[in-house]
Amino acid sequence: MYLTRFRINTARTGARRLLGSPHFMHGAVNMAFPDLPTRDGEGPRVLWRVDHHASGRADLFMVSPTRPDLAHLVEQAGWPTSEEPGWTTFAYGEFLDALATGDTWAFRLAANPVHHTRKPGESREVRTKRTAHLTPQHQVRWLLQRQERAGFEVTRKPAGQRLTEHGDEHEVIAHTKSPLRFRKRDDSTPRGDVRFVSVTFDGRLRITDIDAFRHTLTHGLGKAKAYGCGLMTLAPVR
């Protein structure tokens, strides 16, 4: 496994095109590999996420079973004349092997929190509709509902640090992004439209099941993984 960080040159037209469309970025990420892993749900897949910083900087993070070649991204959205390669790739497998149950880490996760609903009065025979969670409270609840199966628990705040009596018990913040919409196919039918909400979670966690947690880090969490959701990265707790 490999973890790669690519700094995006946001001043370039090609970069703005990629940042404006998860569909285009998905294609650019796939082009980094001559052979993509089979998406059968068994083996690790390619995951990616774009982090935007207050300074205007943007970084593309990728986790992949094989080492990527991002030369095409340097030409399109990097600094082609720089002597530096434009990206850094780390041996992620060694990091995963060193993780252990009970470890505490700071984390960042981009995810697509959704639930399934029916209109009031509709029969249970009517197919449910996938709907995005739009409030931070419901988005955090979505994450907490999946933490046990994903092999971790979001740590709890000391009572004295909680801003409210209810709803602020855990060390996590949900940053809501604007709903994303783009056309997947080159046609004018509704089938070509893709809509979803990407939310960034920043917080602190404790590993509870190391095998399940490694699976989460290499397979992703939630929906819309092809479009920049599902990737969780870790950092030492400060």
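Residues numbered from 1 in each chain as written. Predicted model: local features only at pLDDT ≥ 70, side-chain atom pairs only at ≥ 80, totals over all residues. Heavy atoms only, no water.

A. Spotlight on the sheet that holds strand 1 (residues 2–8). Spatial strand order, 2-3-1-4: four strands in an open sheet with antiparallel pairing. Single-partner strands in this sheet number two, and they are strand 2 (47–52) and strand 4 (87–91). For this sheet the average axis-to-axis angle between neighbouring strands, irrespective of direction, equals 15 degrees. Where strand 2 meets strand 3 (residues 58–64), six bridges bridge the pair, whose relative direction is antiparallel. If you follow His 52 over to strand 3, its bridge partner there is Ala 58. Lying on the sheet, helix 2 (residues 22–30) is in contact with strand 1, strand 2 and strand 3; it crosses strand 2 at an angle near 125 degrees. (Pairing = 2+ DSSP bridges. Helix = DSSP H or I, 4+ residues; strand = E, 2+ residues; numbered from the N terminus. Axes fitted to C-alpha atoms, helices over the stretch in contact; angles between N-to-C directions. Contact = heavy atoms within 4.5 Å.)

B. Seen up close, the packing of aromatic side chains. Counting across every chain of the model gives five aromatic pairs. Considering the side-chain rings of Phe 95 and Trp 105, the 5.3 Å spacing of their centres and the 75 degrees angle between planes classify their relative orientation as edge-to-face. Taken together, the residues span a long stretch of sequence, with Phe 95 in helix 4 (residues 92–98) and Trp 105 in strand 5 (residues 104–111) at a distance of 10 residues. Ring centres of Trp 142 and Phe 201 lie 6.3 Å apart, and the angle between their planes is 15 degrees; on these two criteria the pair is classed as stacked. With Trp 142 in helix 5 (residues 136–150) and Phe 201 in strand 12 (residues 199–207), the pair connects residues that are 59 residues apart, well separated along the chain. Given a relative accessible area of 2%, Trp 142 falls into the buried group. Among the aromatic residues, ring-to-ring pairing joins Tyr 92, Phe 95 and Trp 105 into one connected group. (Phe/Tyr/Trp six-rings, centres within 6.5 Å; stacked < 30°, edge-to-face > 60°. Buried < 20%, exposed > 50% of the residue type's maximum accessible area, 1.4 Å probe, protein only.)

C. Seen up close, unusual backbone geometry. At Ala 224, a residue that is not glycine, the phi angle is positive and equals roughly 60 degrees. Tracing the backbone through its elements, the reader meets Ala 224 in the loop between helix 6 (210–219) and strand 13 (232–235).

D. Representation of helix 2 in the model. Taken as a whole, helix 2 has its buried residues at Pro 22, Met 25, His 26, Ala 28 and Val 29. Down the axis of helix 2, the buried side of the element spans an arc of 165 degrees, and every buried residue falls inside it. (Arc of directions from axis to C-beta.)

E. Local environment of the side chain of Gln 147. Position of Gln 147 relative to the elements: it lies in helix 5. Of the residues examined, Gln 147 reaches a relative accessible area of 14% and is grouped as buried. If we skip the residues at most four places from it in the chain, Gln 147 touches Phe 152, Glu 153 and Val 154.

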